[in-house]
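# Architecture at a glance
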Amino acid sequence: MLTSSEINELYALPNFNHTDREDYFSLDSETQKLVNELRRLETRVYFILLLGVSCPSPRN
């Protein structure tokens, strides 16, 4: 069984500061170029979502 603290750590919404948001939610220049080559907005969004699922940690 998990304690309340452990449950909260696993399932609570993250609290990102400005730097964290930039690390987690920005694209590097090479990835941005790939996204820009995609024609449809839906395809761009889907690509970015898939990238986020496969690389959940910040890309440094």
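It should be emphasised that the depicted structure is a prediction, and the values quoted were computed from it without experimental measurement.

What counts, and where the lines are drawn
- Residues numbered from 1 in each chain as written.
- Predicted model: local features only at pLDDT ≥ 70, side-chain atom pairs only at ≥ 80, totals over all residues.
- Heavy atoms only, no water.
- Helix = DSSP H or I, 4+ residues; strand = E, 2+ residues; numbered from the N terminus.
- Rg over C-alpha atoms; globule rule 2.2 N^0.38 Å.
- Salt bridge = Lys/Arg side-chain N within 4 Å of Asp/Glu carboxyl O.
- Buried < 20%, exposed > 50% of the residue type's maximum accessible area, 1.4 Å probe, protein only.
- Phe/Tyr/Trp six-rings, centres within 6.5 Å; stacked < 30°, edge-to-face > 60°.
- Axes fitted to C-alpha atoms, helices over the stretch in contact; angles between N-to-C directions.
- Left-handed = near helix turned anticlockwise from the far one by under 90°.
- Contact = heavy atoms within 4.5 Å.
- Nonpolar A, V, L, I, M, F, W, Y, C, P; charged D, E, K, R; others polar.
- Patch = residues over 30% accessible without salt bridge, like charges linked within 9 Å, V, L, I, M, F, W, Y side chains within 5 Å.
- Areas by Shrake-Rupley, 256 points an atom, 1.4 Å probe, with all protein chains shown as cover.

This brings us to the overall build of the chain. Summing up its helical and strand segments, the chain has four helices and zero strands in all. Listed N to C, the secondary structure of the chain is α-α-α-α in terms of helices and strands. A compact globule built from 60 residues should have a C-alpha radius of gyration of about 10 Å, whereas the chain, at 15 Å, is more than 25% larger. For the C-alpha atoms alone, the extent of the chain along its principal axes is close to 45 × 25 × 15 Å.

Bringing the pattern of salt bridges into the picture now. By the definition in use, this model includes one salt bridge. Ionic pairing is found between E42 and R40, a salt bridge with its closest N-O pair at 3.6 Å. R40 shares its class with E42; the two are exposed.

So, on to the packing of aromatic side chains. Scanning the model with the defined rule gives two aromatic pairs in all. Geometrically, the ring pair formed by F16 and Y24 is tilted, given 5.0 Å between the ring centres and 45 degrees between the ring planes. Since its relative accessible area comes to 24%, F16 is described here as partly exposed. Y24 gets classed as partly exposed once you look at its relative accessible area, which sits at 33%. Arranged with centres 5.4 Å apart and planes meeting at 90 degrees, the rings of F16 and F25 form a pair that is edge-to-face.

This part covers the packing of helix α3 (residues 29-37) against helix α4 (residues 41-54). Across the interface, α3 lies against α4 with an axial gap of 9 Å and an inter-helix angle of 150 degrees. With respect to the hand of their crossing, α3 and α4 are arranged in right-handed fashion. Seen from α3, the contacting residues are T31, V35 and N36; seen from α4, they are R44, F47, I48 and L51. Of the residues belonging to the contact of α3 with α4, the class tally is four nonpolar, two polar and one charged.

On to a nonpolar patch on the surface. A surface patch of nonpolar side chains, about 450 Å² in accessible area, is lined by L2, I7, L10 and Y11. Tracing the chain through its elements places L2 in the segment before α1 (4-11). Judged by relative accessible area, L2 falls into the partly exposed class, the value being 46%.

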